[in-house]
Structures are given as C-alpha cells and as structure tokens.
2 protein chains.
Amino acid sequence: MRFLHTADWHIGKKLHGFDLTAEQQDAYEQIRQIALDERVDAVVIAGDLYDRSVPNEKSVTQLDAMLQDLNLTHQLPVLAISGNHDSAPRLRTGSPWFTATNFYLHTKLSQAFTPVTLGDTQFFLLPYFEPFEARRYFDDPEITTVQAAMVKIVATMKSTFDPAKKHVLVAHFFAAGSSHVDSETQVMVGGLNVIPVSDLADFDYVALGHLHGKDALHAERVRYSGSPLKFSVSEADQQKGVWIVDTDPFTLTFKPLTPLRDVRILKGAFDDLTAPDFYRQQQVDDYLAIQLTDQRVIPNVMQALREIYPNVIELGRADGPVKLAEELTPVDPHLNPSELFDQFFEETTGSALTEQQCKWAQTALTAANKED
Amino acid sequence: MRFLHTADWHIGKKLHGFDLTAEQQDAYEQIRQIALDERVDAVVIAGDLYDRSVPNEKSVTQLDAMLQDLNLTHQLPVLAISGNHDSAPRLRTGSPWFTATNFYLHTKLSQAFTPVTLGDTQFFLLPYFEPFEARRYFDDPEITTVQAAMVKIVATMKSTFDPAKKHVLVAHFFAAGSSHVDSETQVMVGGLNVIPVSDLADFDYVALGHLHGKDALHAERVRYSGSPLKFSVSEADQQKGVWIVDTDPFTLTFKPLTPLRDVRILKGAFDDLTAPDFYRQQQVDDYLAIQLTDQRVIPNVMQALREIYPNVIELGRADGPVKLAEELTPVDPHLNPSELFDQFFEETTGSALTEQQCKWAQTALTAANKED
C-alpha cells in the first residue's frame, strides 16, 4: 500500500483578507499530480477540509469539484475525516453514497472503529472529536480529556486489528513526542488534550492533521503533513508538501509543493525595497510581510509599497516603532487645531497644505467640532 | 411508469417560531409508506427541499437521512431539483455520486436537457432558474423573462424526445392556466414570469413545485403536489398530500397525508374555548390560529389560552379589535401616573394592586422617570 498523506486544506480560508481560491486550486492540482505520478493506492486527508463550519457557496463548489476530480475522474480512493474547523453534519452530506467508489469520509466517532481495508492495510479514520462525545460513546464518565479518550479508542481499534494487515490511523489532534518536541511544538501544544506519541505505538503509521507544519512533531511514524499552503506569516519558513507513505517496507518521502504565490517576510530599507534593481528580481505578487529597517516617518508608506508589491499582508518596523516623538517638532500648546494640523502635515509629507487641502481640512474640523 | 410526486418540503422551516422537525419526519414517513404501498418506480421531489439557502446542521442531518432512507435503504429511485429556497451549490454537494443508485438531483439549468430515462418515461429535471441564467445558457439577450426562457427550454427538450417514451417535466415555477385559473391562483401569480399551461402541452405530465396547495392550478396534466405540511394559517383549509401518477394509461390519484399536528383556525368566545367540555374534544396541541368573538378585554389572554392550547400561533378578534376606549373608564387628566396605573390594573384584572405590587410599580415608575 502506497498512499498520499495531506491535511488542513482549509478551503475558503482568507489570508489577511486576500482570497486564496487560485492558490488552493493550484496546490490541489499539484497534489493530484503527485498522487498520479507516484501511483498511490489512496489519498488520505486528515481533517479541516474547510476553513469554516459554514463555508460559503464558492468554497463548497471548490471542494466538491476537487473531491469529484480525485475520486470520480481519477478514480483514486480517498480516505478523509472531519477536523475541528469542519461542521461534521454539513461535511458528511451524501457520504453514504461515496463509499461505492472508495471515498470514505468519516465524521462520527463511531465510524472510527470500522476500519477501511484497502490492499494490505486497515485504515482507522478517526474524526476530530470532543471529550464529551467519547464519554457518551463509551458511556464512561471518567473520560474528560482527549488523552483519556484515546487510550480507550486505541484499545477498541486494536480489538479489530487483523494481524495479517498493516494498521494506519488517520486523526486530527495535538500529538506530543515525549522527548523530541521542538520549541515550536512545545509552545503550541500542552495539557491533557495532547496525545503522547507512545500511546500511538501500535500503528504502523499515524497520518495527522491539525498543525500546519510538517515538522511540528518529530516521530518517525507519527506525522503531520502540514497544510498545502502557508496560512499565516508565522508559517513563512515552512516547506509545504505532502507525504508519500509506503507500508511494506515502510518508507516515507516528502513531496514539496510550490506555491502559486509564496508567503514571505521581506526586510530592508524602504529605499532599497522600492529600488527597481531590487524589486525586479522579486516575485512582487507574493504575499509579503514587509519589515522596514527605517526609523523615519515615511508618508503613504503602505500605498507606496503596494504600488510595487500588491499583496502586502503585514507592514512593520524591524527595529521597533517609528520614533515619532523624537523626530517631530514638539507640540506648541498655543497652536489651534488648524495650525497643529498644518504643522503635522508639513512634518510628515515635506510640503505645506495647498489652498484646496486647507479648505478640506477646515471643513473636516468644522464638522468634527459640530459632532462634539 | 408509476411515480410519486411531492415538492416543497422546506426542511428547517419554522411555523411562527415553532420547530417542525417532528412534523416533517412524520410527513416524510407517510410519504415513504405511500411510495412503498403503491410500489412506485420513482419519487419525484419538485424543489424547495430546504427552507433556506443555508440550512442549519439539524436540517442538513434530517434531509440527508430522509434521502438516504428513500434511496439507499428502500432503493427507490429519486428525481429531484433545487427550488428557489435551496442554495443550488450547497444542495448539489456529492450529487455526482448519487446517480449510481438512481438518485438524480439536478441543480443546474444545463442538466435539464439530459433526460433521465426510467422505464417507459423520459424525465426532464428543470431546477429553479432566474432569467439571466437562461440568457447566458442560450447566449440570447432577448431572454428577459422566465416565460421567454421556457419557450426555448421546452423546444430544446423536445429535440431530445424519444417518441417511444412518455415525457415528464419536473419544474419549480409559477404556472397559470389560461382558462381555469381560480381566484387563489389569480392572486398569487401574474406577469411575465408565469408559464402558460399551453406552453407545457407537449409533456405527458408536468410535476410542479413552488405553490403549496395542490389546487393552485386546475389543469389535468400540469399539477402542483403542494407541500406535505401546512406552513401558514392561510393553508389551514388545504388538504395536503402527494400525487401518484401512472403514465400508461395516464391516471392521477391524490394520496392525503395526516398531519401530526394540524394547523387550524379556532373561532369562538373565550369562555367557550376554555370550557373543559369543549377543549377535551379538541386536538389541543394542534397549531391554532384563535379568533375570539369576544369584544371585552381579557386579562392575560394568551397565557390563559396557551395553558390549554400550547401551540397557539396567532391570536385575533373575529369581529375586529377590542373596543378598549368604550369599555374603560375615561382617563381623568388629574390623576398622576401612579394613580392611573392603579386604575388601569384594577380595570383589566378586576382586583386592586397588592401592597407588594404597589411597591414594584413605584420602583418601575421611579426608574422610568430617571431615564427621562
């Protein structure tokens, strides 16, 4: 059995207000191509297919088309679960019909205990769940944490293990390695809703979703695939991609995805970033978090940057906030609001108000006074 | 070919705030039973499966279960279209998988021209559409009304008619008979988005959804099934049910549904309606529009009625509004607010304020004065 492991598609997610439909489509097509090139026997999607419990019509249409393309057009078996971002009742609409073409979409805890057998492998598809659901399912008031639930869940799954088969768990939760947790993971996960990797030792592989970086966890056979796209600036340094997993003999290969528009941090002086010699060598339509090294006030800075870099998603100063107080002329308490405004305008733009601008300012000040 | 014709399920609809989940489930189970008893070859649902474009999770779960029950459990072919209350993109999720079990759910205009052939019949499933969709589909700027669109749509459908088969149209629009329109229909429909019945003459039967009464239109072979439930007081006099249609020879049989809780108008004097001899013979948990024949003020009238009839959905006076002015003592302009309140309370309840009630009234008046 060779399968592709991906997760956290978050269809419908926006990046600082920017629509990612084109990026999502591009990433999906790369994933499908990898699946076809690698001749996988199945595609595993470990939860958070949508970004929201009530996705909009466009998102519904996009995900539906992707799943049809994978499973109906390309006849790839698909093994998927709902994540914490999905509405399980909405996601599962129609799912009983899907199994006829080997598309298994599990959204209820109870479904996790009926493994899907494909080739040499039993897949256990465990959707995202809350402790109360496990408490009810097992009728056990002692289950108050995901960790406590998982002990029972794994034990129940093991009772259906076919010893002649490999056993793969597909799940959507925080997993923590007891020894090899790096600082990022340490920060992100903790407490009793974290599953120790040692609790998952009976599986040949655990295909996880939830964390967006493939390196969130360092365990050989318990892996996050990460999301196909960078969904925040904090993910700028992550290499996105999917895992190709062979069960016998066990091998794991990471296949990187190339973003249509990358999410990057761009650091430098305003004059350097806006110099043609520099920006002509940049992918200017990447999603950029720009960190200026300047200390001075720069008039209309965002507008000026967006003329070159249309998709600026964050703008900050690399060395802390602009030292306005030191640069500007101290406020003279004897000036009236109109004079103060004139002074401020000249300080920040380098030129005095024109006659028309003066009129606008007067009108605005008069209106503001009236509102008082 | 024998099929069952229903429409306008409006799953998720509330009746004056009352949840209809139980009523919907009961009506569905009657419909399924009729389908099984009548050994129909298919169930036609002519649009408005949901009440809202974004149904809540409970509604999604309920409709999904009904369709699974019909098509997967009972293996009945299902022919359905989206109505104006449905979100076509949401409703069609997964629909390409459904056809494997003869569940055809058409939500795009383009799908209307590929008939579904079952037995001796070609079914044309035409979802609800807006004129702009037809304009775009036919690339014809002249199409600005549903009526103009239908002329082209019917012509296109006819080009695929198999003369050896019967032809049934399933659609969701206003249809108007040119001669036999009764007053109700006359009121409800009109204008250029109404389809003359004569435009539909090429079909052996037209199974319509949109209007909630089976008698909205009087044409032998163009029929509304009406909704399975009464969704407003204006539908109180309608007999709800489904049609059983035989194509060869053509016969039409109406099968009534019995509501779990009926929607009724109850008219009478307050003292009569609240007399045990009367209400013990009533289905007191029906949804009732109560019309009181009394002219007097009745204290706490809704609360008193709901103690007997928990599901009062409307309350009015059969003979116009209560004549408060004539019954109450004329207002003495010399009374202060507190005295006026005392007088009003005694008039309407028949007893004076207690000491505690006086205190509450004083506190409320003081608070109200402060807010001024």
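Worth saying up front: this structure is predicted, and the values here are computed from it rather than measured. (Residues numbered from 1 in each chain as written. Chains lettered and ligands numbered in written order. Predicted model: local features only at pLDDT ≥ 70, side-chain atom pairs only at ≥ 80, totals over all residues. Heavy atoms only, no water.)

> What is the right way to look at the overall build of chain A in this model?
On a plain count of helices and strands, chain A comes out with 13 helices and 18 strands. When its C-alpha atoms are laid out on the principal axes, chain A stretches across 85 × 50 × 40 Å. Burial statistics for chain A: of 372 residues in total, 49% are counted as buried. Residue pairs at least 24 apart in sequence account for 69% of intrachain contacts in chain A once pairs closer than 6 positions are excluded. Across chain A, 32 positive and 52 negative side-chain charges occur, with their mean positions spaced 6 Å apart. (Helix = DSSP H or I, 4+ residues; strand = E, 2+ residues; numbered from the N terminus. Buried < 20%, exposed > 50% of the residue type's maximum accessible area, 1.4 Å probe, protein only. Contact = heavy atoms within 4.5 Å. Lys, Arg positive; Asp, Glu negative; His and termini not counted. Charge placed at Lys NZ, Arg CZ, Asp CG, Glu CD.)

> Would you explain the sheet that holds strand β9 (residues 166-172) of chain B in this entry?
Strand pairing in a sheet takes place through backbone hydrogen bonds and is either antiparallel or parallel in direction. All names here are of chain B. The strand order β7-β8-β9-β12-β13 describes an open sheet built from five strands, whose pairing is mixed. Two strands in the sheet have a free side with no partner beyond their single neighbour: β7 (116-118) and β13 (222-224). Pairwise comparison of adjacent strand axes, ignoring direction, gives a mean angle of 25 degrees for this sheet. Where β9 meets strand β12 (residues 205-209), five bridges bridge the pair, whose relative direction is parallel. Residue pairing for β12: Ala171 is matched across the bridge by Leu208. (Pairing = 2+ DSSP bridges. Axes fitted to C-alpha atoms, helices over the stretch in contact; angles between N-to-C directions.)

> It is not clear to me how the side chain of Ser87 of chain A should be interpreted in this structure. Could you clarify?
Summarising the element assignment, Ser87 of chain A is placed in the loop between β5 (78-81) and α3 (88-91). A polar side-chain atom of Ser87 of chain A sits 3.2 Å from the main-chain amide nitrogen of Arg90 of chain A. (Polar contact = N/O pair within 3.5 Å; in protein donor to acceptor, adjacent residues only side chain to side chain.)

> Help me understand the pairing of strand β5 (residues 78-81) of chain B in this model?
On a regular strand, one side chain projects to one face of the sheet and the next to the other, so that they alternate. Residue and element names in this part refer to chain B. Where burial is concerned, the two faces of β5 agree: the one with Val78 and Ala80 and the one with Leu79 and Ile81 are both buried. Where strand β4 (residues 42-46) lies against β5, four bridges are found, and the strand directions are parallel. Directly across from Ala46, in β5, lies its bridge partner Ile81. Between the parallel pair β4 and β5, the chain is carried across by helix α2 (residues 57-73), and the sense of this crossover is right-handed. Here β5 runs beside strand β6 (residues 103-106); their pairing, made up of four bridges, is parallel. By the bridge assignment for β6, Ile81 is matched with His106. (Right-handed = clockwise from strand over helix to strand, strands pointing away.)

> I'm lost on the relation of the copies chain A and chain B in this one. Help?
These two copies of the chain differ by a rotation about an axis and a displacement along the same axis. Mapping chain A onto chain B is achieved by rotating through 180 degrees and translating by 0.0 Å along the same axis, at an RMSD of 0.2 Å. Here the copies are linked by what is in effect a two-fold axis. When the interface residues of chain A are mapped onto chain B, 100% of them again lie at the interface, so the same face is used by both copies. (Least-squares fit on C-alpha atoms with pLDDT ≥ 70 in both.)

> Can you walk me through the nonpolar core in this structure?
Considering soluble globular proteins, one finds that nonpolar side chains tend to be buried as a cluster. Grouped together as the largest cluster of nonpolar side chains are 56 residues, with contacts concentrated most on Leu4 and Trp9 of chain A together with Leu4 and Trp9 of chain B. If near-sequence neighbours (up to four positions away) are discounted, Trp9 of chain B is found in contact with Gln24, Tyr28, Ile31, Ile45, Gly47, Asp48, Leu49, Leu63, Met66, Leu70, Pro228 and Phe231 of chain B. (Core = buried A, V, L, I, M, F, W, Y, C linked by side-chain atoms within 4.5 Å.)

> In this structure, what is going on with the sheet that holds β6 of chain B? I would like to understand it.
Residue and element names in this part refer to chain B. In space, the six strands of this open sheet follow the order β6-β5-β4-β1-β14-β15, with mixed pairing throughout. Two strands close off the open sheet at either side, each with one partner strand: β6 and β15 (250-256). Averaged over all pairs of adjacent strands, the angle between strand axes in this sheet comes to 20 degrees, irrespective of strand direction.

> So what exactly am I meant to see when it comes to the packing of helix α5 (residues 131-138) of chain B against helix α6 (residues 146-158) of chain B here?
Axes are the key here: two packed helices are described by the angle between their axes and the distance separating the axes. All names here are of chain B. At a minimum axis distance of 9 Å, the contact between α5 and α6 shows a crossing angle of 45 degrees. Overall, the two elements α5 and α6 adopt an arrangement that is oblique. Crossing of α5 against α6: the hand is left-handed. Contacts between α5 and α6 pair Pro131, Ala134 and Phe138 from the former with Val146, Ala149, Lys152, Ile153 and Thr156 from the latter. (Parallel < 35°, antiparallel > 145°, perpendicular 65-115°, else oblique. Left-handed = near helix turned anticlockwise from the far one by under 90°.)

> What is the right way to read the environment of Gly268 of chain B from this model?
Residue and element names in this part refer to chain B. Relative to the elements of secondary structure, Gly268 occurs in strand β16 (residues 263-268). Accessibility expressed as a relative area gives 11% for Gly268, which makes it buried. Once residues within four sequence positions are removed from consideration, Gly268 is found in contact with Leu273, Gln291, Leu292, Thr293 and Asp294.

> Honestly, helix α10 (residues 301-308) of chain B in this entry has me stumped. Any pointers?
Residue pairs three or four apart in sequence face the same way in an α-helix, which turns once every 3.6 residues. Residues and elements named next belong to chain B. Residues Val301, Leu305 and Ile308 constitute the buried set of α10. Each buried residue of α10 sits inside an arc of 55 degrees when the element is viewed along its axis, so together they form one side. Along α10, exposed side chains directed more than 90 degrees from the buried face belong to Gln303 and Glu307. (Arc of directions from axis to C-beta.)

> Help me understand the side chain of Gln62 of chain A, please; the structure alone is not making it clear to me.
All names here are of chain A. Looking at where Gln62 falls in the secondary structure, it is placed in helix α2 (residues 57-73). With a relative accessible area of 9%, Gln62 lands in the buried category. Polar contacts involving the side chain of Gln62 include one to the side chain of Gln25, which spans 3.0 Å.

> What is the right way to look at helix α1 (residues 21-37) of chain B in this model?
Residue and element names in this part refer to chain B. Its 17 residues place the ends of α1 24 Å apart at the C-alpha level, agreeing with the 24 Å of an ideal helix rising 1.5 Å per residue. Of all the residues in α1, the buried ones are Glu23, Gln24, Ala27, Tyr28, Gln30, Ile31, Arg32, Ile34 and Ala35. At the C-terminal side of α1, Arg39 shows a positive phi close to 50 degrees. (Expected span 1.5 Å × (residues − 1).)

> What exactly am I supposed to notice about the packing of aromatic side chains here?
Residue and element names in this part refer to chain A. Summed over all chains, the structure comprises 30 aromatic pairs over all chains. Ring centres of Phe161 and Phe203 lie 5.7 Å apart, and the angle between their planes is 70 degrees; on these two criteria the pair is classed as edge-to-face. One end of the pair, Phe161, is in the loop between α6 (146-158) and β9 (166-172); the other, Phe203, is in the loop between β11 (194-196) and β12 (205-209), and 42 residues separate them in sequence. On the basis of relative accessibility, which here comes to 19%, the residue Phe161 falls in the buried class. Residue class for Phe203 comes out buried when judged on its relative accessible area of 5%. Here the aromatic cluster, defined as three or more aromatic residues joined through ring pairs, consists of Phe3, Phe123, Tyr205 and Phe250. In this structure, Arg221 is placed above the aromatic ring of Phe250, and the distance from its NZ or CZ to the ring centre is 4.0 Å. (Phe/Tyr/Trp six-rings, centres within 6.5 Å; stacked < 30°, edge-to-face > 60°. Lys NZ or Arg CZ within 6 Å of the ring centre and 35° of its normal.)

> I'm lost on the interface of chain A and chain B in this one. Help?
One widely used convention gives an interface's size as the accessible area the parts lose upon coming together. Taken together, the 22 residues of chain A in the interface contact 22 residues of chain B. The junction of chain A with chain B conceals about 1900 Å² of combined surface from both sides, 63% of it contributed by carbon and sulfur atoms. On the chain A side of the contact with chain B, Glu57, Arg90 and Trp97 of chain A bury the most area, a combined 38% of that side's loss. For the pair chain A and chain B, the number of links is zero salt bridges. Those elements giving two or more residues to the side of chain A that touches chain B turn out to be α2, α3 and α4 (95-98) of chain A. A total of eight residues in the side of chain A that touches chain B trace back to one element, the largest contributor, which is α2 of chain A. Tallied by class, the residues present in the side of chain A that touches chain B amount to 10 nonpolar, eight polar and four charged. (Buried area = accessible area lost by both parts, 1.4 Å probe. Salt bridge = Lys/Arg side-chain N within 4 Å of Asp/Glu carboxyl O. Nonpolar A, V, L, I, M, F, W, Y, C, P; charged D, E, K, R; others polar.)

> I would appreciate a short explanation of empty space enclosed by the protein in the present structure.
Rolled over the atoms, a probe with the dimensions of a water molecule shows which regions are left empty. Here the structure, examined in full by the defined rule, presents three cavities of 30 Å³ or more. Its boundaries defined by the atoms lining it, the largest cavity holds a volume of some 390 Å³. In this structure, the largest cavity is lined by 28 residues; those nearest its centre are Arg90 and Thr93 of chain A together with Val60, Arg90 and Thr93 of chain B. Elements with a contribution of two residues or more to the lining of the largest cavity: α2, α3, α4 and β6 (103-106) of chain A together with α2, α3 (88-91), α4 (95-98) and β6 of chain B. Of the residues in the lining of the largest cavity, the class split is 21 nonpolar, three polar and four charged. (1 Å grid on protein atoms, 1.4 Å probe; cavity = no way out; pocket = protein on both sides within 12 Å on 5 of 7 lines; lining within 4 Å. Points joined across faces, edges and corners; volume = space filled by probe spheres on them.)

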